[in-house]
Amino acid sequence: NFSISVNLVNSWGLLIILATLMYGIAGNILKEYLSEVPGLLLTAISFVSLAIPAGIYLFTTDFTSIPLNNHQNLMSFIYIITLSVFGSALAIVIFSKLIQKSNALFASFVTYFIPFVSLIWGWIDGESISALYFFSIVIIFSGIYIANIGEKMEVKLQKKTQL
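Note that this is a predicted model, so its numbers are computed, not measured. (Residues numbered from 1 in each chain as written. Predicted model: local features only at pLDDT ≥ 70, side-chain atom pairs only at ≥ 80, totals over all residues. Heavy atoms only, no water.)

S.K.: Sorry, what's going on with the overall build of the chain here?
M.R.: Counting its secondary structure elements, the chain contains 6 helices and 0 strands. Listed N to C, the secondary structure of the chain is α-α-α-α-α-α in terms of helices and strands. Of the contacts made within the chain by residues no fewer than 6 positions apart, 65% connect residues no fewer than 24 positions apart. (Helix = DSSP H or I, 4+ residues; strand = E, 2+ residues; numbered from the N terminus. Contact = heavy atoms within 4.5 Å.)

Take a look at the structure:
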């Protein structure tokens, strides 16, 4: 008897794959159907559409009982707002503009720089940085390089067949 139990804690790999899939779909939809819509408007629409379910979830927790006059709580709240504005909203605006000016595949390559940004933030925060981080970044950029070689070879083959 073979049974599979889906446990959210043990399914991070599947969630990462799902997030990557959704990211790719969003990029293609942005380019194909929403290329004329300004990036700031797209960001506003996405955040407003998430505000209702997020608000419902937020107010079903003990969020309202957390005192913001406590310095640690206030700083945590400020960090969350800062992350949502600069880490999410601004990123969506830039991503949308990048897709509109280029293509979805090129814009998705921007995400490969996330490990560098994470590494810099970790270093600033005083985290210990091991060789594994650099090894992981080398693997990511090796994959990008291999993917680009495949595309370049495909273009060359298409040119040769046209001659």
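S.K.: What should I look at first to understand the environment of S102 in this one?
M.R.: Tracing the chain through its elements places S102 in the loop between α3 (71–101) and α4 (104–108). For S102, a relative accessible area of 25% gives the class partly exposed. Considering only alpha carbons, one finds S102 and K31, 71 residues apart in sequence, at a separation of 8.7 Å. (Buried < 20%, exposed > 50% of the residue type's maximum accessible area, 1.4 Å probe, protein only.)

S.K.: What am I meant to see in helix α2 (residues 39–58) here?
M.R.: Within an α-helix, residues lying three or four positions from one another point in the same direction, as the helix has 3.6 residues per turn. Here α2 is 20 residues long and its end C-alpha atoms lie 27 Å apart, about the 28 Å a rise of 1.5 Å per residue gives. In α2, a bend of some 35° at A51 exceeds every other bend along the element, and P53, a proline, comes one to four places later. Along α2, the residues that are buried comprise G39, L42 and T43. (Expected span 1.5 Å × (residues − 1). Bend = angle between axes of the 7 residues up to and from the residue.)

S.K.: What is the right way to read the side chain of T43 from this model?
M.R.: Residue position: T43 is located in helix α2. When residues no more than four places from it in sequence are discounted, the contact partners of T43 are A89, I92 and V93.

S.K.: Help me understand the packing of α2 against α3 in this model?
M.R.: How two helices sit against one another is set out by the angle between their axes and by the gap between those axes. Packing of α2 against α3 leaves a shortest axis separation of 8 Å and a crossing angle of 135°. Of the possible angle classes, the one that applies to α2 and α3 is oblique. For the element pair α2 and α3, the recorded crossing hand is right-handed. Within the contact between the two elements, α2 uses G39, L40, L42, T43, S46 and F47 and α3 uses S84, S88, A89, I92, V93, S96 and Q100. Grouping the constituent residues of the contact of α2 with α3 by class yields 6 nonpolar, 7 polar and no charged. (Axes fitted to C-alpha atoms, helices over the stretch in contact; angles between N-to-C directions. Parallel < 35°, antiparallel > 145°, perpendicular 65-115°, else oblique. Left-handed = near helix turned anticlockwise from the far one by under 90°. Nonpolar A, V, L, I, M, F, W, Y, C, P; charged D, E, K, R; others polar.)

S.K.: What's the story with the layout of surface pockets in this structure? I'm lost.
M.R.: Left-over empty space is what a probe sized like a water molecule reveals as it rolls over the atoms. Taken as a whole, the second largest pocket holds about 240 Å³ of empty space. Taken together, L58, F63, I66, L68, N73, S76, F77, I80 and I81 make up the lining of the second largest pocket. The leading source of residues in the lining of the second largest pocket is α3, at 5 residues. Here the lining of the second largest pocket is composed, by residue class, of 7 nonpolar, 2 polar and no charged. (1 Å grid on protein atoms, 1.4 Å probe; cavity = no way out; pocket = protein on both sides within 12 Å on 5 of 7 lines; lining within 4 Å. Points joined across faces, edges and corners; volume = space filled by probe spheres on them.)

S.K.: Quick question: what am I supposed to make of α3 here?
M.R.: Between its first and last C-alpha, α3 extends 43 Å over 31 residues, near the 45 Å set by a 1.5 Å rise per residue. The sharpest bend along α3 reaches about 25° and sits at A91. One side-chain oxygen at the N-terminal end of α3 lies 2.8 Å from the backbone nitrogen of Q72; it belongs to N70. (Polar contact = N/O pair within 3.5 Å; in protein donor to acceptor, adjacent residues only side chain to side chain.)

S.K.: Hey, could you run me through the environment of G122 in this one?
M.R.: Structurally, G122 can be placed in helix α5 (residues 114–125). Aside from chain neighbours lying at most four places away, what touches G122 is E127 and I129.

S.K.: Looking at this model, I keep getting lost on a nonpolar patch on the surface. Mind explaining?
M.R.: On the surface, V117, I120, W121, W123, I124, I129, Y133 and F134 cluster together into a nonpolar patch covering about 900 Å² of accessible area. Of all the secondary structure elements, the ones that give two or more residues to the nonpolar patch are α5 and α6 (131–162). Counting residues per element, the nonpolar patch draws most heavily on α5, at 5 residues. Structurally, the position occupied by W121 is in helix α5. The exposure class assigned to W121 is exposed, which follows from its relative accessible area of 58%. (Patch = residues over 30% accessible without salt bridge, like charges linked within 9 Å, V, L, I, M, F, W, Y side chains within 5 Å. Areas by Shrake-Rupley, 256 points an atom, 1.4 Å probe, with all protein chains shown as cover. Salt bridge = Lys/Arg side-chain N within 4 Å of Asp/Glu carboxyl O.)

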